[in-house]
Amino acid sequence: MQKLGDFKLPHFFNYPPYFTLQPVRETREKQVQLWKDLILDYCRTQKIFIIGLEEEFPLFSNPVIERTLSHEAREAFFSALVSEGRAEWLDKGHRKCLILWHRIQDWAGIILNFVKDNGFEDSVMTVEEIRSGIESRGTELHGIDRTILMRALKILEQKGKLAIFKGTSADDEGVKFSV
Amino acid sequence: MANFFSKAEVTSSGRPVLLRSEVECHLLSSVDLEPEDHHNFSPLKSGLLILTTHRLLWLPSSSASTPTSAAAIPLPAISHIFSSKKSLKSMFHSPRIRFQVLVSPDGRVFDPGSGSGSGSGLGSRSVVLTAVVRGKGDCDGFLGKFWDSWRARAWETNETSGSGSSSVSGSGTGTGTGTGTGGGLYSSDGSVRMVGVAGILRKEQELWESTDKSLQDAFQDLNALMSKAKEMVMLAEKMRQKLLSGTNSQASATNDEDMGSKEEMQDWLLSVGIISPVTKESAGALYHQQLSRQLADFVRTPLERAGGMINLIDVYCLFNRARGTELISPDDMLQACSLWEKFDVPVMLRKFDSGVMVIQNKSHSDEEVFVRIKSLVTKPEALRSGISPSDAAMTLGIAPAMAKEHLLTAESTGLLCRDVSPDGFRFYINLFPEIDPRDVYLVKDYGICDTWIKAVSTSGLR
């Protein structure tokens, strides 16, 4: 079985038609489905949040069978992810994509669980501490994309679970939990 | 009534089966055939009247009646053709053609071919028939051709040439008769007799000269061509005979290459020769209808050879080659093909999504082709690197363009899927339906995926 680092690739990664956008509807639907799953799986295990469509990305080409995804195919697969709410375009030109292997509200739930597990119900933390602090190490929150984290925190703020305030430095913000 | 007329055979697509060296001359549509005073048969209503050099044929219109009800009157049975009367009354009537037919004692149209009682019964009784032309056809033109054909007595020349088939060439060159008569240097007609190799050479040359002459005559003008048509066919048949006898007598002497070229020549001669092409001149408004039927009869052999489906362009070339002269335009071809929908013929025109048009048997099924394609793409080599349209063309024995259409159709049904890469456009067996999105690593035993993985892994890809 072929591997990308510690990620196990499925057999069909060596199937040449997998890299050509199929024109027949039924076949194409199945192909798009398989690509969506593979991209989300890979991003989750590798903690990848942003993919540039025009940049190098391990899944976009398979040197073993010498096949590369066309730009049209890349855009088709990511558009399918976007329409399902599992990704968002970061620019109008559809060149960069934010991958949401957890939806924003799921991320919010993960944050709440993290807070409860560590007894931070009434504590104050900086956003950076949540992303890279000792407490988050080993959890899914470790290394989370800042944009995703901020949007998850905003959802919780609207629900009254926390308050966001400006921190001492300009680029860091504080969070006051009140779960 | 069916007993009154001679039987006329019709092909499955409704074209008359012509006799040897019989040529179609004119057609008229919506013609009634009525007896004038006798009641030998009930009137035949609204059919197609075809004049040939040998017979007058009446076919029921389209598929309304069974083809067995087609009627024929041999031209030798006709004893008189009445010239059309130009009267005030006739201006308001549908045009009529009247003619007298000899009837044998048993109450049927006299048939010279049957031979029964023809000697004694000849002329004992005759019946006047009237053909009422209700269509818009060229009635005067028909009458003129009718006279011409009747007077030409083509059936008689056919009989004489049939009895002495070997003398046809001899009469042309003049040497055949001379050699046998005397022992001197001069033949009976005064020319110097040649013996040995020189004689053979001269004989050959004379033969060629006469062939050349008849070819030149043939192309002088179109009328001459029509009258030469029969000779041309006879020439072709003679050449075939000669080739046949040649291969039999010298089979041991000729090498393989020679045999091959002779077989090719024979094949070619056989494929040439629609003796009586349907022309715009002879059929007029019925042109496309009759052409359509003739085409349906014609395509059967090439269709069979091509495996049930053939490109329209290929048929166009084959058909025009068979016609020799009187070529048809691509537009006429297309019209004739699209008329098949209205007739009960075993072939049909099919247009692929890509715009490619083909002729195929109605019984032809894509399923059969798909089965063959599937067996092709599941071979280990094809599993590894797919197939190109030309691979499929070679295996299926069809043209690459046609093979590509089949592959695209197979793709649209989900049997295949494509791979576009710098290596080109290739097709693979479709594995997508078998992959379970919930567990992409799972491989079902004995499935096509399993077979594919085994084929790929043995190639040392991993």
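Rules used in this analysis
- Residues numbered from 1 in each chain as written.
- Chains lettered and ligands numbered in written order.
- Predicted model: local features only at pLDDT ≥ 70, side-chain atom pairs only at ≥ 80, totals over all residues.
- Heavy atoms only, no water.
- Helix = DSSP H or I, 4+ residues; strand = E, 2+ residues; numbered from the N terminus.
- Buried < 20%, exposed > 50% of the residue type's maximum accessible area, 1.4 Å probe, protein only.
- Contact = heavy atoms within 4.5 Å.
- Areas by Shrake-Rupley, 256 points an atom, 1.4 Å probe, with all protein chains shown as cover.
- Phe/Tyr/Trp six-rings, centres within 6.5 Å; stacked < 30°, edge-to-face > 60°.
- Salt bridge = Lys/Arg side-chain N within 4 Å of Asp/Glu carboxyl O.
- Pairing = 2+ DSSP bridges.
- Axes fitted to C-alpha atoms, helices over the stretch in contact; angles between N-to-C directions.

Bringing the overall build of chain A into the picture now. For chain A, the helix and strand inventory stands at five helices and ten strands. Per-residue burial over chain A gives 47% buried out of 179 residues. Looking at chain A alone, contacts between residues at least 24 apart form 53% of all its contacts between residues at least 6 apart. With the model as given, the accessible surface of chain A reaches about 8,700 Å², and the carbon-plus-sulfur share is 48%.

Applying the stated rule across the entire model yields 24 aromatic pairs over all chains. Seen from their ring centres, A:Tyr18 and A:Phe19 are 5.8 Å apart, and the 90 degrees between their planes marks the pair as edge-to-face. Taken together, a centroid distance of 5.7 Å and an interplanar angle of 65 degrees make the contact between B:Trp147 and B:Trp150 edge-to-face. With B:Trp147 and B:Trp150 both in helix H3 (residues 139-152) and three residues apart, the pair spans about one turn of that helix.

Turning our attention to the pattern of salt bridges. For the structure shown, the criterion picks out 21 salt bridges over all chains. A salt bridge links B:Asp419 to A:Arg67; the nearest nitrogen and oxygen atoms lie 2.8 Å apart. With B:Asp419 in strand S12 (residues 416-421) and A:Arg67 in strand S5 (residues 67-68), this pair bridges two chains. The partner of A:Glu88 in a salt bridge is A:Arg151, with the nearest N and O atoms 2.6 Å apart. With A:Glu88 in strand S6 (residues 87-89) and A:Arg151 in helix H5 (residues 146-158), this pair connects stretches of sequence that are 63 residues apart. The class for A:Glu88 is partly exposed, based on a relative accessible area of 26%. Through salt bridges that share partners, A:Glu128, A:Arg131, A:Arg146 and A:Glu173 make up one connected network.

All right, on to the sheet that holds strand S6 (residues 78-81) of chain B then. Residues and elements named next belong to chain B. Taken in spatial order, the eight strands make up an open sheet running S1-S5-S4-S3-S2-S8-S7-S6, and their pairing is antiparallel. A strand with exactly one partner marks an edge of an open sheet, and here the two such strands are strand S1 (6-7) and S6. Of the pairings in the sheet, the one linking strand S2 (residues 24-35) to strand S3 (residues 44-52) comprises six bridges and is antiparallel in character. Counterpart to leucine 33 in the pairing with S3 is leucine 44. Against the sheet, H3 contacts S2, S3, strand S4 (55-60), S6, strand S7 (96-103) and strand S8 (125-133), and its axis sits at roughly 140 degrees relative to S6.

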